[in-house]
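Commentary on secondary and tertiary structure
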Amino acid sequence: MKVNSSIIMILLAAMLWGTTGTTQALAPETAHPIAIGATRLAVGGLFLLSLVLAAGKLNFKNWPIKTTILASLSMALYQPLFFSAVLMTGVAIGTVVTIGSAPIFSGFIEWVFLKKRPTAIWWVSTFLSILGCLLLLMNQESVYINPVGIVLALGAGISFASYTLVSRELVEAYSPLSVVAVVFTLSALLLSPLLFVFDMSWITSVRGAGISLHLGIVATGIAYFLFAKGLSRVSSSTAVTLSLAEPLTAALLGVFVVGERLNAFSWLGISLLLLGIGLLIWSSKNTSGQQALEAVQK
């Protein structure tokens, strides 16, 4: 698999994640955001587990238990942390802090623990993408900052960065389908108590069931499988920066599906996001081309 195809898979995953906000907006009023997050993992975990069992690819021989538990905990923590942050400090601030901090945390973790110093192109791309997110998601009439909500959003950012880093280690040794099936099944089990805390009657309605299936199968199962597949040839810091295509997708869906209007700053944010992601793609093309040239010369 070439780097380009890996990048495409990660971008597709981010685009599928970008449908989450629009889908949640259509959820029944009785559906609590944290309950939706727990349901999303439960449906996604069952879907992925069914796929891997049907394919007969689940093999626990020499399976790294410690690494798997760490990945599962990271994903399980991400859901309530993110949704709680959004509840406490609003969608705009909660989302910006979470997705904006994740690439920075990812690059820092790689630098400290893996001794991989991010490239200059990555720093420029990440800065442009985060600035783009800030301009894009600040298109709100009322914005308020809750210190506790900010801390929770930062925790969500660390959780996603940690999940990405640990998952990359797993997909290097095992099939991406097996990895996401095991990790998300364990994550769903960790969050299963939340299903008994909140009112879950909404899930029995046609709309509630449809939303649960979309979030679980499309925005979680398929999306994270593509993300894990792409991680096999892309660094975790690059993957997290590419995942900033999620708010870009959400914003465009808001315009073309929901009928929302964006101001000039928001369109500038979209442009900066596209520029940042484009820089990473251009950089990866040059890197893969250089590696191919060096291989021929050897």
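Residues numbered from 1 in each chain as written. Predicted model: local features only at pLDDT ≥ 70, side-chain atom pairs only at ≥ 80, totals over all residues. Heavy atoms only, no water.

Identification of the protein chain as EamA family transporter from Planococcus chinensis is taken from an unreviewed UniProt entry. As stated in UniProt under Subcellular location (unreviewed entry), the record for the protein chain gives "Endomembrane system". Listed under Sequence similarities (unreviewed entry) in UniProt, the entry text for the protein chain is "Belongs to the EamA transporter family." (UniProt positions renumbered as here; feature names shortened; annotations may be inferred.)

**Points about the overall build of the protein chain**
When you go through the protein chain residue by residue, the secondary structure sums to twelve helices and zero strands. The N-to-C order of helical and strand elements in the protein chain reads α-α-α-α-α-α-α-α-α-α-α-α. A globule of 298 residues ought to have a C-alpha radius of gyration of about 19 Å, and the protein chain, at 19 Å, matches this closely. Expressed as lengths along the three principal axes of its C-alpha atoms, the size of the protein chain is roughly 65 × 55 × 35 Å. Counting across all 298 residues of the protein chain, residues that qualify as buried make up 51%. The contacts of the protein chain with a sequence gap of at least 6 include a subset with a gap of at least 24, amounting to 90%. Each charge class in the protein chain can be summarised by its mean position, and for the 15 positive and 9 negative side chains these summaries are 14 Å apart. (Helix = DSSP H or I, 4+ residues; strand = E, 2+ residues; numbered from the N terminus. Rg over C-alpha atoms; globule rule 2.2 N^0.38 Å. Buried < 20%, exposed > 50% of the residue type's maximum accessible area, 1.4 Å probe, protein only. Contact = heavy atoms within 4.5 Å. Lys, Arg positive; Asp, Glu negative; His and termini not counted. Charge placed at Lys NZ, Arg CZ, Asp CG, Glu CD.)

**Considerations on the UniProt feature "transmembrane region" (unreviewed entry) in the protein chain**
UniProt annotation of "transmembrane region" (unreviewed entry) refers to residues 35-56, 120-138, 144-165, 177-197, 209-227, 239-258 and 264-282 when read in the numbering used here. Across residues 209-227, helical content stands at 100% and strand content at 0%; the span's end C-alpha atoms are separated by 25 Å.

**A word on the packing of helix H4 (residues 65-89) against helix H7 (residues 147-171)**
Where H4 contacts H7, the axes come no closer than 7 Å and their chain directions differ by 155°. Accordingly, the angle class assigned to the pair H4 and H7 is roughly antiparallel. The handedness of the crossing between H4 and H7 is left-handed. Across the contact of H4 with H7, the residue classes break down as 18 nonpolar, ten polar and one charged. (Axes fitted to C-alpha atoms, helices over the stretch in contact; angles between N-to-C directions. Parallel < 35°, antiparallel > 145°, perpendicular 65-115°, else oblique. Left-handed = near helix turned anticlockwise from the far one by under 90°. Nonpolar A, V, L, I, M, F, W, Y, C, P; charged D, E, K, R; others polar.)

**Some words on the nonpolar core**
Of all hydrophobic cores here, the largest spans 51 residues; its most connected members are Trp17, Phe160, Tyr163, Phe184 and Phe227. At nine residues, the largest contribution of residues to this core is made by helix H8 (residues 176-191). The residues contacting Trp17, other than those within four sequence positions of it, are Arg40, Phe160, Ala219, Ala223, Tyr224, Phe227, Ser243 and Glu246. Grouped together as the second largest cluster of nonpolar side chains are 13 residues, Val96, Ile99, Cys133 and Ala251 included. (Core = buried A, V, L, I, M, F, W, Y, C linked by side-chain atoms within 4.5 Å.)

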